[in-house]
Amino acid sequence: MKLSSPKTIAALLALAVAGAFSAHAADKKVVVGFSQIGAESGWRSANTDSIKSEAAKRGIDLKFADAQQKQENQIKALRSFIAQNVDVIAFSPVVETGWEPVMKEIKKAGIPVILSDRAVKVTDPSLYVTFIGSDFVEEGRRAGNWLAKATGGKAVIAELVGTPGSAPAIDRKKGFEEAISKFPGMKIVKSQSGDFTRAKGKEVMESFLKSPDAKEITALFAHNDDMALGAIQALEEAGVKPGKDMQIVSIDGIKSAFEAMAAGKLNCTVECNPLIGPQLFDAVNAVLAGKTLPKRTAVQEGVYEQSQAAAELPNRKY
Ligand code: GZL
């Protein structure tokens, strides 16, 4: 092909222009819009820290919006990200449903979506590229299996449920009930939402303790550590020894849960890893590089009980 021919020059020109306007010219900062649920728990704060610090480390321009646990605030934030024409949108959906319309608007704007921490129920899976988060059903199963082992399959259980309609609340309950269904001597006699907060967890536990059959309760399953810690406070104020008079199992694995286990007030916490910032921005880079991603990116986590608490405490990053 002759370099001076008009055809060659046109081709070379087109290549040069394409390079200049490539999806991401090397010098342009990647802009990510992130809608976070709120700051309702120690887990959530650690999750936010992980996302913000990783974005800063990678020089990402992060537009961060805190929704104070309200879906309408998340939807407003998502629409503002469309208006700002960010490169990628990521969010942690406070509940599973009600996202289809705004996610269709995002798709129409040609902006890829990554789900962080919690999943959504949509009819069209092409509305998001990947979901990075834990297997909440397995977390519930692990909590149920631990309690069955600790109580010899006999427990009258009170349950503090997470945010109604949220993926972790629905799935942790499902996994826990599946695990204890194998033991006729284990039954849930009280179940109410504490909305994943310490304050509500305390309030609901106080109401459980006022009920006529309170004395029958031998175990507590809390969908997160913050509600368990609130319940522990309520138990102590009522003269009940948490971790001794009542076996308590919760989920998240935050530092305060390890401190409560070391003090003998909590019996087990099932880890739910909030430190997904690195995985999130790896996915952002992959999406912008045009790579295909698995629909689901799992997060690794374990189970910790009292005997391990003191040794594990110094290693806890959140
Ligand atoms: C779980 C996360 C839950 C935590 C709570 O991935 O969505 O929300 O378990 C938090 O502590 O509020």
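Residues numbered from 1 in each chain as written. Predicted model: local features only at pLDDT ≥ 70, side-chain atom pairs only at ≥ 80, totals over all residues. Heavy atoms only, no water.

(A) Seen up close, the overall build of the protein chain. Counting secondary structure elements, the protein chain contains eleven helices and twelve strands. Along the longest, intermediate and shortest principal axes, the C-alpha atoms of the protein chain span 90 × 40 × 35 Å. Nonlocal contacts in the protein chain, meaning residues at least 24 apart in sequence, comprise 74% of its contacts between residues at least 6 apart. A total of about 14300 Å² of accessible surface is found on the protein chain, and carbon and sulfur atoms cover 57% of it. (Helix = DSSP H or I, 4+ residues; strand = E, 2+ residues; numbered from the N terminus. Contact = heavy atoms within 4.5 Å. Areas by Shrake-Rupley, 256 points an atom, 1.4 Å probe, with all protein chains shown as cover.)

(B) Structural view of the site of the ligand. Contacts to the ligand come from 13 residues, most closely from Glu40, Asp117, Arg118, Arg172 and Asp252. Glu40 is positioned with one of its side-chain polar atoms (N or O) 2.6 Å from an oxygen atom of the ligand. Against a free-state accessible area of 320 Å², the protein chains account for coverage of 100% of the ligand. Elements with a contribution of two residues or more to the shell around the ligand: helix 2 (42-58) and helix 6 (167-180). Its residues assigned to classes, the shell around the ligand comprises five nonpolar, two polar and six charged. Two domains each put at least three residues into the shell around the ligand: domain 1 (30-133 + 274-299) and domain 2 (136-272). (Near = heavy atom within 4 Å. Polar contact = N/O pair within 3.5 Å; in protein donor to acceptor, adjacent residues only side chain to side chain. Nonpolar A, V, L, I, M, F, W, Y, C, P; charged D, E, K, R; others polar. Domains from an automatic or database assignment.)

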